[in-house]
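# Close look at the chain arrangement
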Amino acid sequence: MAVSTGQPAIEVSDLHKSYAGHEAVRGIDFTVSRGEVFGLLGPNGAGKTTTVEILEGYRERTSGTVSVLGMDPGERSRALRERVGIVLQSSGMYRFVTVREAVAHWAAMYPAPRDVDEVVALAGLQEKQDAYVRSLSGGQARRLDFALALIGDPELIFLDEPTTGFDPAARRQAWDTVRSLADLGKTILLTTHYLDEAQALADRVAIIKTGRILAIGTPAELGVGSATRVRVSWRDENGTPQEREVEDPTRLVHELTSAAIARGTSVAELTVTRPSLEDVYLELTSAGDTDGEPAGVARV
Ligand SMILES: Nc1ncnc2c1ncn2[C@@H]1O[C@H](COP(=O)(O)OP(=O)(O)OP(=O)(O)O)[C@@H](O)[C@H]1O
Ligand SMILES: [Mg+2]
């Protein structure tokens, strides 16, 4: 995915947000380059939607600075709105119109919208284009949200759990759509609870918990970098499962395989795995609650 240099698409510095005494976002910093797909991961209530909606101009921040396409989203300028597309975590404003009418209505709000039929097709809604929005299934309604985010041909797209409720085929289709948008040079900020989705789509991810960023980096860097161990598992001569975590598996694998060859057998079920993004995520987010002292940020 083409990541350009120059002015970033999004800059967040020491962002805080409190709701009636509850501090949902506790000083987060990140930058998203133009053309980058950036993922926000984290447990329920981590502060993802709060952060995204501040960047969209839907919520006011308590303190800190944010810049979106060089503008302050808190000013809610029309110039900025015309350049961003949004899939909110929950929506449902168009119940008593058809799918096509909803997309066409939304298109009329943008100076240079994409073609309505093209966007309906891109969202996989051709067969439902004349159905009332209220009659759509959960996944179909989510596809409509996706269509509405794309219709304005935005340069920056916010996707808050865009594929929740999608069947596996629809999810893959949405991934393809996100990839083709990235190939066109669009910037995408997405939140997701699906780590395979983050791994498949995001150039970089930030893992966030109780309003703080715990780690930030590419999915591969997080997988390899923040947990340096490699897991080697096999069944021994008695068929008993064995597992070791080592920094470099070369010697262990050599010892196992040469002993097996000397015995004239093979090492049963030998696997060597690096921690996945999911392993890192679970390790980081299951650590003791980070209320109180600010946690260190693993930048890899
Ligand atoms: N409008 C609001 N008023 C009061 N508290 C809120 C409001 N919106 C969010 N919160 C609280 O702020 C915290 C962060 O919520 P947020 O919706 O940002 O989390 P999230 O990371 O998007 O979670 P999820 O994965 O469940 O969508 C939560 O504790 C939530 O209860
Ligand atoms: Mg959310």
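Conventions and cut-offs
Residues numbered from 1 in each chain as written. Chains lettered and ligands numbered in written order. Predicted model: local features only at pLDDT ≥ 70, side-chain atom pairs only at ≥ 80, totals over all residues. Helix = DSSP H or I, 4+ residues; strand = E, 2+ residues; numbered from the N terminus. Buried ≥ 20, exposed ≤ 12 C-beta atoms within 10 Å, placed from the backbone. Contact = placed C-beta atoms within 7 Å. Pairing = 2+ DSSP bridges. Axes fitted to C-alpha atoms, helices over the stretch in contact; angles between N-to-C directions. pLDDT = per-residue confidence, 0-100. Near = placed C-beta within 6 Å. Nonpolar A, V, L, I, M, F, W, Y, C, P; charged D, E, K, R; others polar. Core = buried A, V, L, I, M, F, W, Y, C linked by C-beta atoms within 7 Å. Parallel < 35°, antiparallel > 145°, perpendicular 65-115°, else oblique. Left-handed = near helix turned anticlockwise from the far one by under 90°. Expected span 1.5 Å × (residues − 1). Arc of directions from axis to C-beta.

### Digging into the overall build of the protein
- Counting its regular elements, the protein contains ten helices and 13 strands.
- When its C-alpha atoms are laid out on the principal axes, the protein stretches across 75 × 50 × 35 Å.
- Here the protein holds 300 residues, and the buried ones make up 37% of them.
- Within the protein, residue pairs in contact and separated by at least 24 positions form 67% of the contacts whose partners lie at least 6 positions apart.

### Observations regarding the sheet that holds strand 2 (residues 22–32)
- Pairing within the open sheet is antiparallel, and its three strands lie in the order 2-1-4. Since the sheet does not close on itself, it has two edges, and those belong to strand 2 and strand 4 (63–68), each with one partner. Sheet twist, expressed as the average angle between the axes of neighbouring strands with direction ignored, equals 25 degrees.
- Here eight bridges tie strand 1 (residues 10–19) to strand 2, and the two strands are oriented antiparallel to one another. Among the inter-strand pairings, Ser18 is bridged to a residue of strand 2, identified as Glu23.
- The sheet contacts of helix 1 (residues 48–56) involve strand 1, strand 2 and strand 4, and relative to strand 1 the element is tilted by about 115 degrees.

### Brief notes about the confidence of the model for the protein
- Per-residue confidence for the protein averages 88 on the pLDDT scale, and 90% of its residues sit at or above 70.
- Between the elements of the protein, mean pLDDT differs from a low of 52, seen in strand 13 (residues 298–299), to a high of 98, seen in strand 1.
- Note that pLDDT drops below 50 for residues 290–296; the model gives that stretch nine contacts with residues more than four away or on any other chain.

### Considering the site of ligand 1
- Near ligand 1 there are twelve residues, and of these Tyr19, Ala24, Asn44, Thr49 and Thr50 occur at the shortest range.
- Elements supplying a minimum of two residues to the shell around ligand 1: strand 2 and helix 1.
- Considering every element that reaches the shell around ligand 1, the biggest residue donor is helix 1, with three residues.
- Tallied by class, the residues present in the shell around ligand 1 amount to three nonpolar, eight polar and one charged.

### Looking at the sheet that holds strand 12 (residues 268–273)
- Spatial ordering of the open sheet is given by 11-10-12, a layout of three strands whose pairing is antiparallel. The strands lining the two open edges of the sheet, one partner per strand, are strand 11 (241–246) and strand 12. Strand-to-strand twist of the sheet, defined as the mean angle between neighbouring strand axes without regard to direction, takes the value 10 degrees.
- Where helix 9 (residues 250–263) meets the sheet, its contacts fall on strand 10 (230–235), strand 11 and strand 12, and the angle it forms with strand 10 comes to roughly 10 degrees.

### Some remarks on the nonpolar core
- Among the nonpolar cores identified, the biggest contains 69 residues, and Val103, Val119, Ala147, Phe158, Ile188, Ile207 and Ile208 are the most heavily contacted of them.
- For this core, the leading source of residues is helix 5 (residues 138–150), giving seven residues.
- Ignoring sequence-local partners within four residues, the contact set of Ile208 consists of Ile28, Leu40, Leu41, Gly42, Ala46, Gly47, Lys48, Ile213 and Leu214.

### Concerning the packing of helix 3 (residues 99–107) against helix 5
- Axis separation between helix 3 and helix 5 bottoms out at 9 Å; the angle between their running directions is 25 degrees. The angle between the axes of helix 3 and helix 5 places the two elements in the roughly parallel class. Taken as a pair, helix 3 and helix 5 cross one another with a handedness that is right-handed. Of the residues in helix 5, those touching helix 3 at Val99, Ala102, Val103 and Trp106 are Leu144, Ala147 and Leu148.
- For the contact of helix 3 with helix 5, a count of residues per class yields seven nonpolar, no polar and no charged.

### Things to note about the environment of Gly6
- Positionally, Gly6 belongs in the segment before strand 1.
- You can call Gly6 exposed: it has 8 C-beta atoms within 10 Å.
- For the pair Gly6 and Asp153, spaced 147 residues apart in the sequence, the C-alpha separation amounts to 22 Å.

### What to know about helix 1
- Taken across its nine residues, helix 1 has eight buried, putting it largely inside the fold.
- For helix 1, every residue scored as buried is listed here: Lys48, Thr49, Thr50, Thr51, Val52, Ile54, Leu55 and Glu56.
- Among the residues trailing helix 1, Gly57 stands out with phi positive, at a value near 85 degrees.

### Focus: the environment of Lys17
- For Lys17, the location among the structural elements is in strand 1.
- Residue Lys17 is classed as buried on the basis of its C-beta count, with 22 C-beta atoms lying within 10 Å.
- Once the C-alpha coordinates of Lys17 and Gly47 are considered, the two residues, 30 residues apart in sequence, prove to be 8.9 Å apart.
- Dropping the residues within four chain positions of it, Lys17 is found in contact with Ala24, Val25, Thr50, Ile54, Arg61 and Thr62.

### Concerning helix 6 (residues 168–183)
- Taking 1.5 Å per residue, 16 residues should reach 22 Å; helix 6 reaches 23 Å between its end C-alpha atoms and fits that length.
- Among the residues of helix 6, those classed as buried are Ala174, Val178, Leu181 and Ala182. Seen from one end, helix 6 has its buried residues packed into an arc of 100 degrees, which puts them on one side. Seen from the buried face of helix 6, the exposed residues on the opposite side, beyond 90 degrees, are Pro168, Ala169, Asp176, Ser180 and Asp183.
- Taken together, the buried residues of helix 6 touch strand 3 (37–41), helix 5, strand 6 (156–160), strand 7 (187–191) and helix 7 (195–201).

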